[in-house]
Amino acid sequence: MIVENKKKVLVIGVIGADVHAVGNKILYHAFTEAGFEVVNLGVMVSQEEYIAAAIESAADAIVVSSLYGQGELDCRGMRQKCDEAGLKGIPLVVGGNIVIGKQKFEEVEKRFKDMGFDRAFPPGTAPETTIEALRELLHMDGEQV
Ligand code: B12
């Protein structure tokens, strides 16, 4: 029997009015090289744009970047919008510099989890760590991507 190993699809982008473009490009290349299919929405992405792209591409996860400090405001309500759009349970992860200044990350993480994000990552998280976390979240352990 031939088992087709379909690539996992990620929708990625930088949320809100954020124009920090470099990390997004690095993540696009790192995820693609790791074997994911990546729909890259670039910078200044609204919640609605992530959701529309996730529906269109039948995405396995949405990866949100936020660098400019407004992540908390920009991400609020995203889980509810996903639910309303029929994306109930889609893994939502966020990283970058997701809040203003230096704050205890355990508290920041808790706030994002309370908002419905599955994982929130601290500043400086390496692409390799991000890929590992996605593989874990998408139950790809041992799977060759
Ligand atoms: C270059 C830069 C700019 C450029 C951006 C140019 C461009 N088009 O890209 C310009 C000058 C436009 C800019 C503007 C601003 N910036 Co600026 N900028 C930077 C700077 C110096 C480098 C960013 C960068 O390219 N880093 C290199 C890439 C490779 O790293 P990265 O973006 O962090 O991405 C990596 C990780 O974060 C991670 N990652 C990213 N997304 C995700 C997602 C997940 C799920 C995971 C796990 C990991 C992850 O992986 C990426 C690849 O390794 C940083 C400081 C710094 N050293 O990071 C400040 C910085 C991000 N900027 C900052 C600020 C405040 C601003 C402004 C608000 C300043 C202002 N008052 O106008 C504006 C915002 C403009 C806007 N609307 O977005 C702050 C943010 C502070 C905060 N969050 O608390 C920083 C941290 C500087 C600082 N120390 O204060 N900026």
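The coordinates are above.
Residues numbered from 1 in each chain as written. Predicted model: local features only at pLDDT ≥ 70, side-chain atom pairs only at ≥ 80, totals over all residues. Heavy atoms only, no water.

**Q** Account for the sheet that holds strand β4 (residues 92–96), naming residues and giving values.
**A** With respect to topology, 5 strands assemble into an open sheet ordered β2-β1-β3-β4-β5, the strand pairing being parallel. The sheet terminates laterally at β2 (37–40) and β5 (119–120), the two strands that pair on one side only. Across 2 bridges, the pairing between β4 and β5 is parallel. Along β5, the bridge assignment pairs V94 with A120. Contacting β1 (9–14), β2 and β3 (61–66), helix α1 (residues 22–33) crosses the sheet at an angle of about 170° to β1. (Pairing = 2+ DSSP bridges. Helix = DSSP H or I, 4+ residues; strand = E, 2+ residues; numbered from the N terminus. Contact = heavy atoms within 4.5 Å. Axes fitted to C-alpha atoms, helices over the stretch in contact; angles between N-to-C directions.)

**Q** Hey, could you go over the coordination of the cobalt atom of the ligand for me, with residue numbers and the actual values?
**A** Within the protein, just one atom coordinates the cobalt atom of the ligand: H20 (NE2), at a distance of 2.2 Å. Tracing the backbone through its elements, the reader meets H20 in the loop between β1 and α1. (Donors = N, O, S within 2.8 Å, 3.2 Å for Na, K, Ca; no water.)

**Q** Can you break down the site of the ligand residue by residue, with the values?
**A** Around the ligand sit 26 residues in total, of which A17, V19, H20, A21 and S65 are the nearest. Between the ligand and the protein, one listed contact pairs a nitrogen atom with a backbone N or O atom of N97 at 3.3 Å. Of all elements in the fold, only α1, β3, β4 and α6 (127–137) reach the threshold of two or more residues within the shell around the ligand. Grouping the amino acids of the shell around the ligand by side-chain chemistry returns 15 nonpolar, 10 polar and 1 charged. (Near = heavy atom within 4 Å. Polar contact = N/O pair within 3.5 Å; in protein donor to acceptor, adjacent residues only side chain to side chain. Nonpolar A, V, L, I, M, F, W, Y, C, P; charged D, E, K, R; others polar.)

**Q** Any chance you could break down α6 for me, citing the residues and the numbers?
**A** Within α6, the full set of buried residues consists of T130, I131, A133, L134 and R135. Along its buried surface, α6 packs onto β1, α1, β3, β4 and β5. Where α6 terminates, the next one or two residues include H139, which has phi positive at roughly 50°. (Buried < 20%, exposed > 50% of the residue type's maximum accessible area, 1.4 Å probe, protein only.)

**Q** I'd like a rundown of the environment of V38, residues and numbers included.
**A** Within the secondary structure layout, V38 lies in strand β2. Judged by relative accessible area, which is 14%, V38 ranks as buried. When the C-alpha atoms of V38 and V9 are compared, they prove to be 5.8 Å apart, with 29 residues separating the residues in sequence. Sequence-distant contacts of V38, that is, excluding residues within four places in its chain, are made with L10, I12, Y28, F31 and T32.

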